[in-house]
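Single-letter residue listing:
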Amino acid sequence: MLTIDRVGKTYANGVHALDRVSLNVEIGEIVAVVGGSGCGKSTLLRAISGLDTPTQGSVTLNRETILAPHEKIGMIFQEPRLLPWLTVAGNVGFGLNHVPKAERVRRVAEAIDRVGLTDKANVWPRELSGGQAQRVAIARALVTRPEVLLLDEPFSALDAFTRVDLQDHLLDLWADTKPTLIVVTHDVEEAIVLADRVVVMRPRPGRVLEDIVTNLPRPRDRQSAAFDFAKRRVMAALDRSLERIAEKKPAREPEKAGQATSHWW
Amino acid sequence: MSLALMTATAEPATATQPQRRRHLARLARPLLGLILPIGLALFWEIAVRMGLSNGRLVPPPSVIFNTFAELARSGDLQQHSLATMWRVFAGFACGVAAGTILGALAGYSALLLRVVDPTLQALRSIPSIAWVPLFILWFGIFEASKVILIAVGVFFPVYLGVMGAVVSVDRKIVEVGRVFRLSGFEMISRILLPAVLPAYVISLRAGLGLGWMFVVAAEFLGASTGLGFLLIDGQQLGKPAQIVAAIVAFAILGKLTDWLVVAVTNPLLRWEDSFGARQQEA
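Residues numbered from 1 in each chain as written. Chains lettered and ligands numbered in written order. Predicted model: local features only at pLDDT ≥ 70, side-chain atom pairs only at ≥ 80, totals over all residues. Heavy atoms only, no water.

1. A look at helix 2 (residues 35-49) of chain B
Every α-helix winds through 3.6 residues per turn, so residues three or four apart in the chain are directed the same way. Residues and elements named next belong to chain B. Given a rise of 1.5 Å per residue, 15 residues ought to cover 21 Å, and the 21 Å separating the end C-alpha atoms of helix 2 matches this to within 8%. Residues of helix 2 that are buried sit in contact with helix 3 (61-74). In the segment just after helix 2, Gly51 is the residue with positive phi, at about 80 degrees. (Helix = DSSP H or I, 4+ residues; strand = E, 2+ residues; numbered from the N terminus. Expected span 1.5 Å × (residues − 1). Contact = heavy atoms within 4.5 Å.)

Structure below.
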């Protein structure tokens, strides 16, 4: 189980990005984290990944405190972040350097097959489209068989058609080994399609506003009434999360570099 | 039936012709660059032959060629070229080693950058020739002072190139390395080094160019061998053809060594997604 216990983060420049966020995530659960800009979604994810350490509270995975990147925690970023000097196969196998060569080759080939890029195994990343590159990133993260996979707005840079395709694809891959997924997104529909549970955050400082359990049956029908209802619930919660700021008239805080500048609406 | 036969026989002809033309074009492309120098040389040769100039101070190509051939036959050219090449090679190796190590460390560690960089930048602004008297006092007038002068010349572009490249490696790619828990050494060898390689090759070429520049300066200051000595010798004995022959030898060797650096590193840079790479593919 992944436990996030009263995690807070204040950056060196004084920006209070995250305030006592607590969350328990079961093994194999898919959790979506949504919220407007500057509500600390990415900060939270970076704290879970161990890339940044929280200034208060702790993140524990199976009772082990996460202070630095952990082998059982994988991460997919908003951009594919492929290494341009490695071929697709080289990129997918990047995290398998300690694995014996024969097994590495087999697992890499399997992962590339699984994301449908068999014929692209030996090309350079520059020859891939945006969607293909993000699939390679997914394969690279999954090939190490993480228990927890963190996704930071993974599909937000893709066109709508590719995005839907990759969401379905991600769910397929998830069904193989059922890792825990935590998806940060500003796309409510994406949150409902992927997640069993949607955490709505409130900005300045980032806090959990509502924890909505949807538990729709899979595969999910984007047209169904239940889907629509879940979507409305999350939208309503998001509206509430923003009302608070309108009342407070917040002092503008500079957005953390690396976070998306786009808004969820 | 006849139609099928016709297309069958016609096909190879139409397929090979554009292919052959493309092949020819590929061969001809480097030749384009030769038009200007050969044209100028021919023009001068004809001008001297027609008596428009006596060609004493600016010898025509045929005289230069003869001098060049003469120097090559007597073995002088090889001896002097080897002496010069050895100096450049030794100085280049020392300068590259020092520049790469210091540049990588200064780029990797912010502390070291703050400690080392201001001093190096200050030293860099000294014209390197200004070191010569001091080096001769310190290291004597023989090979050591020459090699060290060349090494100093090579060091700065390499140091600057490596340091700048390491500092500007994309944080996002470094984070990928952190997510996969690379050790410090792995981070350097698997992320930082490949990422700086394109910039590194450019700084190596700049360093090599400076190495060839400094070897002449070093050989002007009391050498009994080397192409630089041939230049001085030609000046003192009034043999412009020998000077030009030595200059031609410098040009050939400089271009050859630069090409060698490019040829050795090119296979390592095929992944580059750059304007230049695209042009070469086309």
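From this point, things continue past the structure.
2. Re the sheet that holds strand 4 (residues 56-61) of chain A
Residue and element names in this part refer to chain A. Taken in spatial order, the 4 strands line up as 2-1-4-5 in an open sheet, and their pairing is antiparallel. Either end of the sheet is taken by a strand with one partner, and the two such strands are strand 2 (16-25) and strand 5 (64-65). Of the strand pairs in this sheet, strand 1 (residues 2-10) and strand 4 are connected by 5 bridges, and their pairing is antiparallel. The residue bridging Thr3 from the neighbouring strand is Thr60, located in strand 4. Most of the contacts of helix 1 (residues 41-49) go to strand 1, to which it runs at about 120 degrees, and overall it touches strand 1, strand 2 and strand 4. (Pairing = 2+ DSSP bridges. Axes fitted to C-alpha atoms, helices over the stretch in contact; angles between N-to-C directions.)

3. Considering the pattern of salt bridges
Throughout the structure, instances matching the rule amount to 25 salt bridges over all chains. With a closest N to O distance of 2.4 Å, B:Arg73 and B:Glu70 form a salt bridge. With a gap of 3 residues between them, B:Arg73 and B:Glu70 both fall in helix 3, about one helical turn apart. Using a relative accessible area of 65% as the deciding quantity, one classes B:Arg73 as exposed. Residue B:Glu70 is classed as partly exposed on the basis of its relative accessible area, which comes to 41%. Two residues, B:Arg205 and B:Asp258, come together in a salt bridge whose shortest N-O distance is 2.9 Å. On the criterion of sequence distance, the pair formed by B:Arg205 in helix 9 (residues 184-220) and B:Asp258 in helix 11 (residues 240-265) is long-range, its members being 53 residues apart. Note on B:Asp258: relative accessible area 16%, which makes it buried. Among the charged side chains, a salt-bridge network with shared partners connects A:Arg46, A:Asp52, A:Glu79, A:Arg81, B:Arg171, B:Lys172 and B:Glu175. (Salt bridge = Lys/Arg side-chain N within 4 Å of Asp/Glu carboxyl O. Buried < 20%, exposed > 50% of the residue type's maximum accessible area, 1.4 Å probe, protein only.)

4. As for the side chain of B:Glu219
Residue and element names in this part refer to chain B. With respect to the helices, strands and loops of the structure, Glu219 is situated in helix 9. With relative accessibility at 1%, the residue Glu219 sits in the buried group. Only 2.9 Å separates the side chain of Glu219 from the side chain of Thr84, close enough to count as a polar contact. When neighbours within four sequence positions are excluded, Glu219 is seen to be in contact with Thr84, Arg87, Lys146, Thr225, Gly226, Leu227, Gly228, Phe229 and Phe250. (Polar contact = N/O pair within 3.5 Å; in protein donor to acceptor, adjacent residues only side chain to side chain.)

5. Side note on the confidence of the model for chain A
Residue and element names in this part refer to chain A. For chain A, the average pLDDT comes to 82, and 92% of its residues sit at 70 or higher. Mean pLDDT across the elements of chain A bottoms out in helix 7 (residues 225-248) (75) and peaks in strand 8 (residues 180-184) (91). Scored below 50 in pLDDT, residues 250-265 shows 36 contacts in the model against residues more than four places distant or in partner chains. (pLDDT = per-residue confidence, 0-100.)

6. Remarks on the packing of aromatic side chains
Residue and element names in this part refer to chain B. Counted according to the given criterion, the structure contains 9 aromatic pairs over all chains. Seen from their ring centres, Phe135 and Trp138 are 6.3 Å apart, and the 40 degrees between their planes marks the pair as tilted. Highlighted residues: Phe135 and Trp138, both in helix 6 (residues 132-139), separated by 3 residues, approximately one helical turn. On the accessibility criterion, Phe135 (7% relative accessible area) is buried. (Phe/Tyr/Trp six-rings, centres within 6.5 Å; stacked < 30°, edge-to-face > 60°.)

7. A word on a nonpolar patch on the surface
Residues and elements named next belong to chain B. The grouping of Leu31, Leu34, Ile38, Leu42, Ile46, Met50 and Leu52 at the surface amounts to a nonpolar patch, some 740 Å² of accessible area in total. The greatest single-element share of the nonpolar patch, amounting to 3 residues, is contributed by helix 2. When you line up the elements, Leu34 lands in the loop between helix 1 (2-32) and helix 2. (Patch = residues over 30% accessible without salt bridge, like charges linked within 9 Å, V, L, I, M, F, W, Y side chains within 5 Å. Areas by Shrake-Rupley, 256 points an atom, 1.4 Å probe, with all protein chains shown as cover.)

8. What to know about the environment of B:Leu112
All names here are of chain B. Structurally, Leu112 is set in helix 5 (residues 110-124). Take Leu112: its relative accessible area is 28%, and that puts it in the partly exposed class. Sequence separation between Leu112 and Ser168 is 56 residues; the distance between their C-alpha atoms is 16 Å. Once you skip the residues sitting within four places of it in the chain, Leu112 turns out to touch Leu105, Ala106 and Asp117.

9. Comments concerning unusual backbone geometry
All names here are of chain A. The phi dihedral of Arg20 falls on the positive side, at around 40 degrees, and the residue is not glycine. Mapped onto the secondary structure, Arg20 falls in strand 2. Of note, Arg81 is a non-glycine position whose phi angle comes to about 50 degrees, a positive value. If you trace the backbone, Arg81 turns up in the loop between strand 6 (73-76) and helix 2 (88-92).

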